[in-house]
Amino acid sequence: MNSFKFPVINPLLHSELRLKIIVALDSLESADFMYLCQITDSTRGNMSTQITTLREAGYIEVSKSGLGRFSRTVCRITQKGSQALRAYEDGLRRLFEQRVPEEKEKRASK
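Every value quoted in this text rests on a predicted model; they were computed, and no experiment measured them. (Residues numbered from 1 in each chain as written. Predicted model: local features only at pLDDT ≥ 70, side-chain atom pairs only at ≥ 80, totals over all residues. Heavy atoms only, no water.)

Q: For this particular structure, what's the right way to read helix H2 (residues 33-40)?
A: Along an α-helix, residues three or four apart share an orientation, since each turn contains 3.6 residues. Phe-33, Leu-36, Cys-37 and Thr-40 are the residues of H2 that are buried. For H2, the angular spread of the buried residues around the axis is 100 degrees, confining them to a single face. At its buried positions, H2 is contacted by helix H1 (16-27), strand S1 (31-32), helix H3 (44-56) and strand S3 (72-77). Looking at where H2 begins, the residue whose side-chain oxygen comes 2.9 Å from the main-chain nitrogen of Met-34 is Asp-32. Following H2 by one or two positions, Asp-41 adopts a phi angle in the positive range, close to 60 degrees. (Buried < 20%, exposed > 50% of the residue type's maximum accessible area, 1.4 Å probe, protein only. Helix = DSSP H or I, 4+ residues; strand = E, 2+ residues; numbered from the N terminus. Arc of directions from axis to C-beta. Contact = heavy atoms within 4.5 Å. Polar contact = N/O pair within 3.5 Å; in protein donor to acceptor, adjacent residues only side chain to side chain.)

Spelled out as structure tokens, the structure:
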């Protein structure tokens, strides 16, 4: 039996919006919530959901300041998030570069 396996791709980062968020934060010191909405063309509701998912995974830190209408939410990537992004990038690269070996065993015809 063949022991070939595809590389594991992090399903958390495989979401288009979460990937855009983590890539943006990896290149910035921090980013405001509304700026992230703007550059990713995301709604506030969807952005909020994805930021919560990334925060709960430990990939980003979220800080809030101000009150009510004048509150500001700022996001920063964590070391864990940066490492996850590098691993995701490496996994995709290996996936595209990898060649699937030909099947060696043929089923016997009856």
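Don't stop here, the text continues.
Q: What exactly am I supposed to notice about the side chain of Ser-42 here?
A: By the element assignment, Ser-42 lies in the loop between H2 and H3. There is a polar contact of 3.4 Å between the side chain of Ser-42 and the backbone nitrogen of Met-47. Sequence-distant contacts of Ser-42, defined by excluding residues within four places in its chain, comprise Leu-17, Cys-37 and Met-47.

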